[in-house]
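Secondary and tertiary structure notes
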Amino acid sequence: MFKHGKRTMRRQFSLLVVSLTLVTALIYTFLVDISLSRGFDEMAKLTMQFEIDDFEKRYTEAHDTPLPQTSILHFYLDDWRQAPPFYHQVVPFTELEYGEYVEVEWFPNGEESWDGARFLTIYTHRLPDQRKLYVVADFDADKLSQEQRQKFDRLFSRGFFVGTVYVFLMILVVWLYGRRLTRRSDALAKWAEELSFEKLQQPVPDFYFHDLNQIANQLQTAFVRIADLLEKEHRFLRNASHELRTPIAVIKANMELLARMESSAPLQRPLDRINRANASMQKLTETLLWISRDNNTPPKQENIVPAQLIRELLEDLGYLLENKPVELNFRESFGGHKLLPVTPLRIVLNNLLRNAFQHTQEGSINIEIDEHYLRIENHDEGATLTDSDNSFGLGIHLVEQICQKLHWELRLEYVGDGVIATLKWPEHIFTH
């Protein structure tokens, strides 16, 4: 019924109910056994007390009243040594106290056998003239017929039988309830897993339990809110990106016109800076447009040399290290080809390198390319870099979104004086 694994509400509930069932069954069986035994003992004591009161009343009227004797009750006055040898063997007469009952059980052949079993109850009473009266209630099992013995056995075993049936029924009920609950909760989990934007307008299935139906409704409501937020974000990115493309194109065209004109040396540096800023805005716009696409069409893949692409990007971004005391190390141990989507790969590499260059004012940048991964490690000895991902700005968030969309493995490790970015080359063709 129970399997090892994660903690679940069903398992916790089942364990609780079964534990309580076992405890109550044990208590019930114990109390039934005690009640039956005590009932017989109380009945014997009550019978003894009736006989003692009756004898004391008659003894007060006439001291020569004979002692009552029955097949079960035996009376002895003053001297207990008149009792049979068996009583001397099992009854501690010397330890008897006035007004107290002593119970003795005798099983010569073991507690499971009725043969030779004796059940004794001894009581010591003081008569009005201070004489001692010993009363012994002797239940001899050998005097019981086979049918009477079987009745007693059934009477004592009935409590155990009822307890066992109770435990079995409770376990069966818990199992049936847990099975139904598991089936309904699994259906809820499957429905939630398959929930998509296209299915939001469909009615929520009935999961039988009110609690599960409430969870399903809340999940659908949350999914609708998330869908609205995503739609607003995508709409904003599309609109903003499209609106930015026009001024970027205008700036680029005018910069090309200025490049054809002869410009003085003092103007060349600002013009170069405008060119670089315009190129950065253009790449950022392309990134936003690509991320905000509604379809999951795989990007075009080409057979490229990653090392060559990195060298091109290092040359394009070299201006970010101008006049900076930064040591750039590029270790290339793989110069082969790989089938990769060029556009998103260029965006990711450009952002990773740009962030490393921008946030290293003084120190070193180590770039290592391998057949399996690319590692970019920068150490800034200045005071501008912090150990927070805020220092990476918008670029790193765009990189994470692209890698998540393409199922690429990107690991960022923030060390004391820098960041280590490791991009594992995808081993499989992109799947959506």
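Residues numbered from 1 in each chain as written. Predicted model: local features only at pLDDT ≥ 70, side-chain atom pairs only at ≥ 80, totals over all residues. Heavy atoms only, no water.

The next point concerns the sheet that holds strand 9 (residues 373-380). Pairing within the open sheet is mixed, and its 5 strands lie in the order 6-8-9-11-10. Looking at which strands have only one partner, the edges of the open sheet turn out to be strand 6 (326-332) and strand 10 (409-415). Ignoring which end each strand starts from, the neighbouring axes of this sheet average 10° apart. Strand direction decides the pairing type here: strand 9 and strand 11 (residues 418-424), joined by 7 bridges, are antiparallel. Directly across from asparagine 378, in strand 11, lies its bridge partner valine 419. Strands strand 6, strand 8 (363-369) and strand 9 of the sheet are contacted by helix 6 (residues 306-316), whose axis makes an angle of about 165° with strand 6. Lying over the sheet, helix 7 (residues 342-358) contacts strand 6, strand 8, strand 9, strand 10 and strand 11, oriented at roughly 20° with respect to strand 9. (Pairing = 2+ DSSP bridges. Helix = DSSP H or I, 4+ residues; strand = E, 2+ residues; numbered from the N terminus. Axes fitted to C-alpha atoms, helices over the stretch in contact; angles between N-to-C directions. Contact = heavy atoms within 4.5 Å.)

Right, let's talk about the packing of helix 6 against helix 7 for a bit. For any two helices packed against each other, the geometry comes down to the angle between their axes and how far apart the axes lie. Taken N-terminus to C-terminus, the directions of helix 6 and helix 7 make an angle of 45°; their axes are 10 Å apart at the nearest point. Classified by the angle their axes make, helix 6 and helix 7 are oblique. Taken as a pair, helix 6 and helix 7 cross one another with a handedness that is right-handed. Facing helix 6, whose interface residues are Leu309, Ile310, Glu312, Leu313 and Leu314, helix 7 presents Leu345, Arg346, Leu349, Asn350, Leu353 and Phe357. Of the residues contributing to the contact of helix 6 with helix 7, the split by class is 8 nonpolar, 1 polar and 2 charged. (Parallel < 35°, antiparallel > 145°, perpendicular 65-115°, else oblique. Left-handed = near helix turned anticlockwise from the far one by under 90°. Nonpolar A, V, L, I, M, F, W, Y, C, P; charged D, E, K, R; others polar.)

Let us look at the sheet that holds strand 1 (residues 73-77). What the 4 strands build is an open sheet, ordered 1-4-3-2; its pairing is antiparallel. In the strand order of this sheet, the two ends are held by strand 1 and strand 2 (101-106), each with one partner. Within this sheet the neighbouring strands show an average axis-to-axis angle of 20°, counted without direction. Of the pairings in the sheet, the one linking strand 2 to strand 3 (residues 118-126) comprises 6 bridges and is antiparallel in character. Counted as the bridge partner of valine 104 is leucine 120 from strand 3.

Another aspect to go through is the nonpolar core. Formed by 37 residues in total, the largest nonpolar core has its most connected members in Leu345, Val348, Leu349, Phe357, Ile367, Leu374 and Leu423. Looking at this core, the elements that each hand over two or more residues are helix 6, helix 7, strand 8, strand 9, helix 8 (393-406) and strand 11. Looking at this core element by element, the count peaks at 9 residues for helix 7. Dropping the residues within four chain positions of it, leucine 423 is found in contact with Leu345, Val348, Leu349, His372, Tyr373, Leu374, Cys403, Trp408, Glu409 and Leu410. (Core = buried A, V, L, I, M, F, W, Y, C linked by side-chain atoms within 4.5 Å. Buried < 20%, exposed > 50% of the residue type's maximum accessible area, 1.4 Å probe, protein only.)

This part covers the environment of alanine 83. Residue position: alanine 83 is located in the loop between strand 1 and helix 2 (85-90). Through-space distance from the C-alpha of alanine 83 to that of valine 136 is 9.5 Å; in sequence the pair is 53 residues apart. When residues no more than four places from it in sequence are discounted, the contact partners of alanine 83 are Tyr76, His88 and Phe93.

This brings us to the pairing of strand 10. Pairing of strand 10 with strand 11 involves 7 bridges; the strand directions are antiparallel. Along strand 11, the bridge assignment pairs leucine 410 with leucine 423.

So, about the side chain of glutamate 368. Here glutamate 368 lies in strand 8. Accessibility expressed as a relative area gives 18% for glutamate 368, which makes it buried. At a separation of 2.6 Å, a polar atom in the side chain of glutamate 368 contacts the side chain of arginine 331. With residues near it in sequence (within four places) discarded, glutamate 368 still touches Arg331, Tyr373, Leu374 and Arg375. (Polar contact = N/O pair within 3.5 Å; in protein donor to acceptor, adjacent residues only side chain to side chain.)

To continue, consider the side chain of threonine 360. Secondary-structure assignment places threonine 360 in the loop between helix 7 and strand 8. The buried category is assigned to threonine 360, whose relative accessible area is 0%. A polar contact is formed between the side chain of threonine 360 and the backbone oxygen of alanine 356, at a distance of 2.7 Å. Looking at threonine 360, its side chain comes within polar contact range of the side chain of asparagine 378, at 3.0 Å. Non-local contacts of threonine 360, meaning those with residues more than four positions away in its chain, are made with Lys324, Val326, Ile365, Asn378, His379 and Asp380.

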